[in-house]
Amino acid sequence: MKINIRSDEKFRMQQDKFDRIIEDSEAQFALERAIRERAIIRLFIHPTIAPLRGNFVGFLHDQLLIDNLEPKKRIRELTKDLQIEAHFWLDRLGYCTFPTRFLGKVGTAEQYLVQSMKSIRVIQRRDALRVIPAKTLPAVCLSLNGKPCEEKTIVENVSITGLCLSFVKSPAIRVGAILPKIQLLLNQEDYITLHATVRAKYHGAGGRYFLGLEWLNVDAVQLKMIQSYVLGCQRRELQNRL
């Protein structure tokens with residue numbers, strides 16, 4: 001199957017169809033909630049380099065205050081006024097990102113300032129129904145990006161528009177990346193190879209790392225296989241409730 005790899009500009013246009021922008025009071029409310037919950041914030045210096053990680057603490061002079069920034073040996077990479085991208089996760093809202101500037105250390109405390117923003121991009125959740133693989137209808141990811149998956153990779157849920165995978169270690173894959181050759185084994189008998197775009201990446205329940213993927217260029221045969229698996233899991237769930 002031929003995949004059309006988009007340029008960054010074309011990909012952004014495609015991404016805008018799925019993502020949502022929150023602004024002004026709504027964005028302010030999301031940041032205030034992140035502070036109340038001491039949400040984890042990840043600061044990306046470059047898309048292909050692992051981010052630094054800290055916690056929201058509060059506002060100082062209308063800018064965002066962060067502490068517990070790690071790894072400490074990399075903090076020196078954050079030079080004053082450096083353009084970076086901040087990512088954080090809020091339950092019931094989703095995976096949020098915004099471009100910002102690093103403003104430096106606050107006094108002698110191990111706290112740091114980044115520029116607050118009035119606009120935040122929320123990576124849209126999948127609209128399609130997602131099913132959790134049943135024990136009797138397992139879903140296994142055999143390879144990702146053409147490489148064998150580690151043994152403890154878990155398929156968390158599947159839908160006709162994508163899937164969610166979780167890992168013990170953070171995969172070296174950025175949001176927006178296009179992943180060819182994702183091989184799945186559905187219900188111990190159906191092998192399917194698909195291509196996807198990474199829509200979300202976050203650190204979540206059980207200390208695992210999660211990737212939210214959206215299918216690309218799914219043909220009629222592949223779609224039928226996925227639909228059959230999703231419907232099978234739905235039926236099994238209904239039977240278990242009776």
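(A) Focus on the overall build of the chain. Along the chain, the regular secondary structure elements total three helices and 15 strands. When burial is assessed residue by residue, the chain has 46% of its 242 residues classed as buried. Expressed as a percentage of contacts within the chain between residues at least 6 apart in sequence, the contacts between residues at least 24 apart total 60%. When the accessible surface of the chain is split by element, carbon and sulfur atoms take 51% of a total near 13,800 Å².

(B) Representation of the packing of aromatic side chains in the model. Evaluated as defined, the whole model comprises five aromatic pairs. Every member of this aromatic cluster is reached through a ring pair, and the members are F56, F88 and F98.

(C) Fine view of the environment of K152. Counting through the fold element by element, K152 comes out in the loop between strand 10 (147-148) and strand 11 (154-158). Here the alpha-carbon distance between K152 and S166, two residues 14 residues apart in the chain, equals 8.5 Å. Not counting chain neighbours up to four residues away, the residues in contact with K152 comprise S166, V168 and R208.

(D) Layout of the side chain of T153. Tracing the backbone shows T153 in the loop between strand 10 and strand 11. Only 3.1 Å separates the side chain of T153 from the backbone oxygen of E150, close enough to count as a polar contact.

(E) Seen up close, the nonpolar core. Counting residues in each nonpolar core, the largest one holds 29 residues, and the members touching the most others are L144, V158, L165, I182, L184, L213 and Y229. Contributing elements (two or more residues each) for this core: strand 9 (139-144), strand 11, strand 12 (162-167), strand 13 (178-186), strand 14 (190-203), strand 15 (209-216) and helix 3 (220-241). When residues no more than four places from it in sequence are discounted, the contact partners of I182 are C141, S143, L144, I192, T193, L194, A196 and L213. One finds I22, I66, F98 and V114 within the second-largest nonpolar core, a separate group that totals 28 residues.

(F) Fine view of the sheet that holds strand 9. Taking strand neighbours across the sheet as the criterion, the seven strands line up as 10-9-13-14-15-12-11 in an open arrangement whose pairing is antiparallel. Edge positions in the open sheet fall to strand 10 and strand 11, since each of these has one partner strand only.

(G) Spotlight on the confidence of the model for the chain. Looking at the chain, the pLDDT average stands at 83 and 88% of residues meet or exceed 70. Confidence over residues 1-18 falls short of pLDDT 50; this stretch has 27 contacts with residues more than four positions distant or in other chains.

(H) Local environment of the pairing of strand 13. Pairing of strand 9 with strand 13 involves four bridges; the strand directions are antiparallel. Residue pairing in the sheet places A139 in a bridge with L186 of strand 13. Across seven bridges, strand 13 lies against strand 14 in antiparallel orientation. Each residue of the ladder has a partner; that of L184, found in strand 14, is I192.

(I) Structural view of the environment of C149. By the element assignment, C149 lies in the loop between strand 10 and strand 11. For the pair C149 and I182, spaced 33 residues apart in sequence, the C-alpha separation works out to 9.6 Å. In contact with C149, other than residues within four places in its own chain, are C141, L142, S143 and L144.

(J) Structural view of helix 2 (residues 24-36). Along its 13 residues, helix 2 runs 18 Å from first to last C-alpha, staying within 8% of the 18 Å computed at 1.5 Å per residue. By the burial criterion, the buried members of helix 2 are A27, A30, L31, R33, A34 and I35. Downstream of helix 2 by a residue or two, R38 has a phi angle that is positive, lying close to 45°.

(K) Region of the structure containing unusual backbone geometry. The amide bond that connects E70 to the next residue, P71, takes the cis arrangement and shows omega of -10°. Inspection of the secondary structure assignment puts P71 in the loop between strand 4 (63-70) and strand 5 (82-90). Even without glycine at this site, N187 takes up a positive phi of about 55°. For N187, the location among the structural elements is in the loop between strand 13 and strand 14.

Each value, and the rule that gives it
- Residues numbered from 1 in each chain as written.
- Predicted model: local features only at pLDDT ≥ 70, side-chain atom pairs only at ≥ 80, totals over all residues.
- Heavy atoms only, no water.
- Helix = DSSP H or I, 4+ residues; strand = E, 2+ residues; numbered from the N terminus.
- Buried < 20%, exposed > 50% of the residue type's maximum accessible area, 1.4 Å probe, protein only.
- Contact = heavy atoms within 4.5 Å.
- Areas by Shrake-Rupley, 256 points an atom, 1.4 Å probe, with all protein chains shown as cover.
- Phe/Tyr/Trp six-rings, centres within 6.5 Å; stacked < 30°, edge-to-face > 60°.
- Polar contact = N/O pair within 3.5 Å; in protein donor to acceptor, adjacent residues only side chain to side chain.
- Core = buried A, V, L, I, M, F, W, Y, C linked by side-chain atoms within 4.5 Å.
- Pairing = 2+ DSSP bridges.
- pLDDT = per-residue confidence, 0-100.
- Expected span 1.5 Å × (residues − 1).

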